[in-house]
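A look at the structure
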Amino acid sequence: NYKVSASFWFAVFYIVKNVLLIFLAVIGQNVIKDIKFNLGNEMVSYYFHRSYSQSLKSNSPTVIKAITYDLNLVVSGVLGKGLLLVSELLALVGIVGVLVWKNPIVIIVFFVIFSPVALIYLLLRKKLKLWGYILQNRQTILIRQLQEGVEGFKNLIVYGVQVYFIQKIQKNFYSQLYIKRNLDMFILAPRYFMEAIIITLMAIVVFFATKNNDILHNLPIMTFIAMASVRIMPMTNRILSAISVIRSSTPSIDVVFDTVHNKTLGIERGRRGLNKDKVEPFKKLTIEHLNFYYKDKENILKDINLTINLGDKIGIVGGSGAGKTTLVNLLLGLQVPSSGDIYFNNTSIYKDLSMWQKQIGYVSQDIFLLDATIYENIAYGIP
């Protein structure tokens, strides 16, 4: 009966322990999921609420990479490994404290074992960050290359240049895998270093014990070193791995948190043109002394004056780089003039851009269609 009772409570203990571990794992994953959703939502909100001028500072591969690659790396690589790092450090401190209390010689053992590993990490920590930047850059290039290949697939076939684009992508893949191999080797190397040092220490103890015919006397020290190693080495590997991943993820941390920090606040500028009561009848559009230039460049548009009355049909003609597209962007309210103004019925369009944009239709010179039904393309954002 005693054996049955002990076996029963032993089984109950492990069942309860594992249920609690599953419960804690679920809570942890829910927390990570919520953090990822909130960060992702902030990033998408920022990128979709930027002004047109801000959007020109980053291309689409950069945005896609930030919302997919960088966000995933921060959540799984940094937050996930960060939680592991905290738990392992707490456990390590507890085990080391007990071992030191039992035998102070463990301090010397730890110093001998971990000093070379710590030295390697200090020497290569800048490399870890550099490898992170290279991986981030290569991921952006890969997205761009894939976009170019998919969007220009017809041209690839017509000109027979598939092999050229395939080779570009292969070269980028190889570069990423090369850097990833370096990172993985850095994570694995400490384990092998520590194993070699531990075996060397034990071999030295055995050598001197055998030489002095004192194996039994040194057996407790050998057992202690072996026990300390078995307990601590796996935890140390996980700690060093977590530190390496977090360090190499620094560039992605910068991208995600810079984006969230710079998030544009304010009212959503969706298509609110469904409220027709606020639409003011068109009488005239006036451009007065309009000037526009980009930073450190000469004027693209200089002292433009124009009045467009109801019923007029206006064509804007000029050579490449004359400023036709820039003028249209200003009329659409996508950019702000360096000086001068544009008036709709004697009111500056910049006082209420949303109201002004309800008045106009726009057909771009670049064809853009949603990957959706004709119905959704016509509605375009209207539920």
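Residues numbered from 1 in each chain as written. Predicted model: local features only at pLDDT ≥ 70, side-chain atom pairs only at ≥ 80, totals over all residues. Heavy atoms only, no water.

Brief notes about the environment of histidine 261
Worth spelling out the cut-off: Comment: elements are numbered from the N terminus, with helices defined as DSSP H or I runs of at least four residues and strands as E runs of at least two. Partly exposed describes any residue whose relative accessible area lies between the buried limit of under 20% and the exposed limit of over 50%, with all areas from a 1.4 Å probe on protein chains only and scaled to the type maximum.
Structurally, histidine 261 can be placed in helix α8 (residues 250-261). Owing to a relative accessible area of 68%, histidine 261 belongs among the exposed residues under this scheme.

Examining the packing of aromatic side chains
What characterises a pair of aromatic rings is the spacing of the ring centres plus the angle enclosed by the ring planes. Convention followed: For Phe, Tyr and Trp, rings pair up if their centres lie within 6.5 Å, where Trp contributes its six-membered ring, and each pair is then called stacked (planes under 30 degrees apart), edge-to-face (over 60) or tilted (otherwise).
Enumeration according to the criterion identifies four aromatic pairs in this entry. Aromatic pair tyrosine 164 and phenylalanine 165: ring centres 5.4 Å apart, planes at 90°, arrangement edge-to-face. Ring pairs connect the aromatic residues Phe282, Phe344 and Trp356, which therefore count as one cluster.

Some points on the nonpolar core
The cut-off we apply is this: To form a nonpolar core, buried Ala, Val, Leu, Ile, Met, Phe, Trp, Tyr and Cys residues must be joined to one another through side-chain atoms within 4.5 Å. Should any heavy atoms of two residues lie within 4.5 Å, those residues are counted as being in contact.
Ranked by size, the top nonpolar core spans 15 residues in total, and within it Leu285, Leu290 and Ile342 carry the most contacts. For this core, the secondary-structure elements that each account for two or more residues are β1 (284-292), β2 (301-309), α9 (324-331), β3 (339-344) and α10 (353-358). Tallying contributions element by element places β1 first for this core, with four residues. Residues in contact with isoleucine 342, not counting those within four places in the same chain, are Leu285, Thr286, Ile287, Leu290, Leu330, Leu331, Thr347, Ser348, Ile349 and Tyr350. Listed in part, the eleven residues of the second largest apolar core include Leu39, Met43, Tyr47 and Ala66.

Topic: the pattern of salt bridges
To be explicit about the condition: Here, a salt bridge means any side-chain nitrogen of Lys or Arg that lies within 4 Å of a carboxyl oxygen of Asp or Glu.
One pass over the structure, following the stated rule, counts four salt bridges. The salt bridge involving lysine 65 is made with aspartate 70; its shortest N-O contact spans 2.8 Å. Accessibility expressed as a relative area gives 4% for lysine 65, which makes it buried. Residue classification places aspartate 70 among the buried residues on the basis of a relative accessible area of 0%.

Some words on the environment of alanine 189
Examined against the element boundaries, alanine 189 turns out to sit in helix α6 (residues 162-211). In sequence terms alanine 189 and asparagine 237 are 48 residues apart; their C-alpha atoms lie 9.4 Å from each other.

Side note on the side chain of lysine 65
Locating lysine 65 in the fold gives a position in helix α3 (residues 60-102). Once you skip the residues sitting within four places of it in the chain, lysine 65 turns out to touch Asp70, Gln136, Gln139, Thr140, Ile143 and Val255.

Thoughts on the pairing of β1
In plain terms, the rule: Here the rule is simple: two strands pair whenever DSSP picks up at least two bridges between them.
By the bridge criterion, six bridges tie β1 to β2 in an arrangement that is antiparallel. Pairing of threonine 286 across the sheet is with threonine 307, part of β2. Pairing of β1 with β3 involves five bridges; the strand directions are antiparallel. Along β3, the bridge assignment pairs leucine 285 with phenylalanine 344.

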